[in-house]
Amino acid sequence: MTLFLSPFPPPQYTHHQHRVLPKPQASSFSSSFQPIQSHPKSTGVVVIGAGLAGLAAATHLNSRNIPFLLLEASDAVGGRVRTDVVDGFLLDRGFQIFITAYPEAQKLLHYPSLNLRNFYSGARVYYNSQFHTVSNPLRHFWDSIQSLANPIGSVFDKLLIAPTTLRVLSKSDDKILTSEELPTIDLLRRFGFSDSIIRRFFRPFFGGIFFDRELETTSRLFHFIFKCLALGDNALPANGIGAIPEQLAAKLPPNSILLNSKVVSVDIKEPDSGSGSPSVRLENGEVIRSELGVIVAVEEPQAVKLLPGSSEPVTVKQKPARSTVCLYFSMDRSQVPVRDPVLFLNGSGMGIVNNMFFATNVAPSYGPVEKALVSVSLIGMFEGMSDDDLRAEVIRELSGWFGDSMVGSWRHLRTYRIGFAQPDQRPPTDLMKNPRIGSGVYACGDHLTSATFDGALLSGRRAVEALLRDKALVRG
């Protein structure tokens, strides 16, 4: 459900394959951004990948007046953070939530321009054929008091939320990301949470964030997300999650981004070879030389392919990627059973649906005036099930939640199967990896930091800072 994020091959679509472009007014990026059409032979810094990490790196290079070229293999910026427009609906490529308290995002993004629309701070949990509310006591005190007696954990479990919040708020982000770690499931049990609240709330909620129902993800990431949730809101930009990378791209200089330009190799020079700075080779055979360095801002699997035999951090043994399937449906807006911008969680422990929500309840602009958009998320790829079987099973399950008459009228819009939604961040982890790969070559992306929007943005800054430190040492 992330918070996920760097360039990746386009997900598989199960509807008609035509791409519908957004209207010009849907994004400042779409009207002001003009990618360049030809390849210069050299530039100051070559950045590979226009996902959040690459865009952050480009932003920091631009702020220091360092010339750069940002190369993107696909037809638009954003990487995994993309939004498609289909029949008047905004479909984010996978269910993604932006947390307003992300510290790096607060530095780089202009929130008012994103027109962020907030979720309810909590969730409704489907358990025992009923919905039960779980609320953030810092935001919805009376709702949380009224929910003390519901079966989503004991009263003691709910009272534990406050000290858990205070515990994470007392730590700096750097301390959290370098603290002693253990699997999140073990941390929750150590805190004293019961199996019932873990099974009915934490597994679907944080399992949806980490794409990890077993909650084996590092406690460092749990603490960081928990802190951000306590300090900020869950939100969606009114024009789709893709408005975030588009805003970053729109602030870059004209002719600094080159789309449809796939890099197939990076030439890392030996420090004492005297053969100059690193260069990159494009799929069409062209070579672009950097004068200062190359920043590799792609997903971990692509980074390994681009940098075979390189040193840390990209050649460590990769863990299986976290994956997800997201299905979108439309319905009449008048038939939506709730009006609240709330996330629904599957706390029953049965079925394949992990979470769902009515996107137009959060941001009405996600659909036409009379239509509502339904987003349903599953954890894993479900490779043994066809798209038709997945769709039928989702309809069957949610008919049990909301009734056959309503769910049976939903119209399927699109299914996204996303094989690489996040890097797997089970312990042991290093969320403060050195971005330096080799002489003049640096890496960034959420696989070097936390698997969040913020981690990707932070990694872009760190890569630029490492490059500048190295260049300062050379000049000295």
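The coordinates are above.
The following paragraphs examine the structure supplied in this document.

Here is what the cut-offs are and how they apply
- All residue numbers here refer to positions counted from 1 along the written sequence of the relevant chain.
- Local features are withheld for residues below a pLDDT of 70 in this predicted model, meaning they are given only at 70 or higher, and side-chain atom pairs are given and counted only at 80 or more; totals for whole chains, interfaces and linings count all residues.
- Side-chain metrics rest on all non-hydrogen atoms present in the structure, leaving aside hydrogens and water.
- At least two DSSP bridges between two strands are needed for those strands to be called paired.
- Numbered from the N terminus, helices here are DSSP runs of H or I no shorter than four residues, and strands are runs of E no shorter than two.
- Think of it in three bands: with a 1.4 Å probe and only protein chains considered, a residue is buried below 20% of the maximum accessible area for its type, exposed above 50%, and partly exposed in between.
- Polar contacts, as used here, are pairs of N or O atoms within 3.5 Å; protein pairs need one atom able to donate a hydrogen and one able to accept it. Residues neighboring in sequence count only if both atoms are side-chain atoms.
- We define a nonpolar core as any set of buried Ala, Val, Leu, Ile, Met, Phe, Trp, Tyr and Cys residues linked to one another through side-chain atoms lying within 4.5 Å.
- Two rings belonging to Phe, Tyr or Trp (six-membered ring only in the last case) form a pair when the distance between their centres is within 6.5 Å. Interplanar angles under 30 degrees mark stacking, angles over 60 mark edge-to-face geometry, and anything in between is tilted.
- Charge-over-ring placement is defined geometrically: NZ (Lys) or CZ (Arg) within 6 Å of the ring centre, and within 35 degrees of the ring normal.

Remarks on the sheet that holds strand β9 (residues 234-237)
Strand order across the open sheet formed by 3 strands is β5-β9-β6, with antiparallel pairing between neighbours. Since the sheet does not close on itself, it has two edges, and those belong to β5 (98-99) and β6 (116-118), each with one partner. Here β6 runs beside β9; their pairing, made up of 3 bridges, is antiparallel. Residue pairing in the sheet places Asn118 in a bridge with Ala235 of β9.

Things to note about the side chain of Ser277
With respect to the helices and strands, Ser277 occurs in the loop between β11 (263-267) and β12 (279-282). Residue classification places Ser277 among the buried residues on the basis of a relative accessible area of 16%. A distance of 3.4 Å separates a polar atom in the side chain of Ser277 from the backbone oxygen of Ser290. Engagement of the side chain of Ser277 in a polar contact is seen with the backbone oxygen of Glu291, the distance being 3.0 Å.

A word on the pairing of strand β18 (residues 411-422)
For a regular strand, the rule is simple: side chains alternate between the two faces of the sheet. With 10 of its 12 residues buried, β18 lies for the most part within the structure. As judged from the 8 bridges shared by strand β14 (residues 322-332) and β18, these two strands associate in the antiparallel manner. The partner of Phe329 across the bridge, within β18, is His412.

Some remarks on the nonpolar core
Grouped together as the largest cluster of nonpolar side chains are 103 residues, with contacts concentrated most on Phe98, Phe202, Phe206, Ile225 and Ile295. It is helix α9 (residues 195-210) that provides the largest number of residues to this core, a total of 8 residues. Val336, Val338, Val376 and Val394 belong to the second-largest nonpolar core, a separate cluster that totals 26 residues.

Overview of the packing of aromatic side chains
Using the criterion set out here, one finds 28 aromatic pairs in the structure. Look at Phe206 and Phe226: their rings are 6.3 Å apart centre to centre, the planes differ by 15°, and that puts the pair in the stacked class. With Phe206 in helix α9 and Phe226 in helix α10 (residues 219-231), the pair connects residues that are 20 residues apart, well separated along the chain. Each member of the aromatic cluster is reached from another via a ring pair, and the members are Phe193, Phe201, Phe202, Phe205, Phe206, Phe210, Phe222 and Phe226. Above the plane of the ring of Phe191 lies Arg167, whose end atom (NZ or CZ) is 4.3 Å from the centre.

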